[in-house]
Amino acid sequence: MGLRIGIDLGGTKIEALALDAAGREVIRKRIPSPRRDYAATISAISSLVSEVGEGSVGIGIPGALSQVTGLVKNANSTWLIGQPLKEDLEEALGRPVKLENDANCFALSEATDGAGKGAAVVFGVILGTGVGGGIVVNCKVLSGANAIAGEWGHNPLPLPSAQDLPLPDCYCGRAGCIETYLSGPGLARDHELRTGRRLPPEEIVSLGDQSLERYVERLARALASAINLLDPEVIVLGGGMSKVGRLYTEVPRLWRRYVFSDHVATRLAPPVHGDSSGVRGAARLWD
Ligand SMILES: [Zn+2]
C-alpha cells in the first residue's frame, strides 16, 4: 500500500497530510484557503497534492455532496455550494478522490486510533465556528440516505426554557438550532445578550461565569437527545470549545436527567489527535 493522502479543506486553511502503510505521518503541509474563489480552491488543492506525491486522496470538506445532483451542499464556505467538486478535483489530480464531510472525517480519525478506538459506535461532534457531527460504526463512516447523518447542529435545541428565548436565527433559515447556542459565536452571542458585553469565546470561557454554565447545560440537553437516538459508546468533542476541560465532567453529570436510561455508560472524551483529526480521517477514507 502506498501513501494515503488526506486533505482538510477548511474556511481559513487547507491542510495536507500523508500516512504511510503503518499509519505514520510522513508529510504535512498547510496553506491559507483561497477565499470566495472556487477555481483557486481547485488549483490550491491540486498543487498541494502534487507536492506530496503519489497516493490515494481523501478530502474532508465543509458540507456534503448531494445524493441527488452530486454537487456540494450545506457548506459554510458558500463558494463551494452547487459546484461539481469531486469531478473537478479528479480531473485536476488525475486520480479518483473520496470526499467526505469534515465532521465525518474527524469522527473516523478518532474512532480508528483516537478517543473512540475500540468502540463500535462513535459520535464525533465539532464545537467550533459551527456545530457539526459525524457517526462512525465499526470504523466506517455512516453517511446516511441524505448524506447528513450526524448533522445534529441544525436540530432545534431540546426543551427550550425562558433563558433560551428568543430563538436565535440560524444561517440555515431555521431558528433555535443547536449551532446557534453551542458554536463559539453562539456562546459569544449569548454572553452579549446576558451582559451587554461582546467578548471572544476564549475570554468568556476563562471568566467561567453563568454564560459558561448555560453553555454546559445546553450541551447536556443537546447531547442527551443524540444519546437517546444513537446510543454511542463514545462521544468525542472537537473544535475550539473541545478544549474546555469542565465539559467532560459537568456535561455527563447533567445529561443523566435527560437520557432515557437508569445508567449512562456513554463516555464524553476530548480528541486524541486534536486539530489534526480532520485531515487524518480524510487520509483514512480509502482504508
Ligand atoms: Zn440551522
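Calculation notes
- Residues numbered from 1 in each chain as written.
- Predicted model: local features only at pLDDT ≥ 70, side-chain atom pairs only at ≥ 80, totals over all residues.
- Heavy atoms only, no water.
- Helix = DSSP H or I, 4+ residues; strand = E, 2+ residues; numbered from the N terminus.
- Contact = heavy atoms within 4.5 Å.
- Core = buried A, V, L, I, M, F, W, Y, C linked by side-chain atoms within 4.5 Å.
- Buried < 20%, exposed > 50% of the residue type's maximum accessible area, 1.4 Å probe, protein only.
- Donors = N, O, S within 2.8 Å, 3.2 Å for Na, K, Ca; no water.
- Tetrahedral: all angles 85-135°; square planar, octahedral: opposite > 155°, others 65-115°.

## Some details on the environment of V251
Next, step 1: For V251, the location among the structural elements is in helix α8 (residues 247-255).
Next, step 2: Contacts of V251, omitting those with residues within four sequence positions, involve V216, L219, A220, L223, R246 and L268.

## Focus on the nonpolar core
Next, step 1: Ranked by size, the top nonpolar core spans 37 residues in total, and within it L127, W152, L182, L219, L223 and W255 carry the most contacts.
Next, step 2: Looking at this core, the elements that each hand over two or more residues are β8 (121-127), β9 (131-137), α4 (178-182), α5 (184-195), α7 (210-230), β11 (234-238) and α8.
Next, step 3: Of all hydrophobic cores here, the second largest spans 26 residues; its members include L48, W79, L89 and L99.

## Things to note about the coordination of the zinc ion
Next, step 1: Coordination of the zinc ion by the protein comes from H154 (ND1), C170 (SG), C172 (SG) and C177 (SG), over a distance range of 2.1 to 2.3 Å.
Next, step 2: Coordination at the zinc ion is tetrahedral, judged from the four donor atoms that bind it and the angles of 107 to 117 degrees they form at the metal.
Next, step 3: Residue C170 is classed as buried on the basis of its relative accessible area, which comes to 10%.
Next, step 4: Assessed through its relative accessible area of 27%, C172 is described here as partly exposed.

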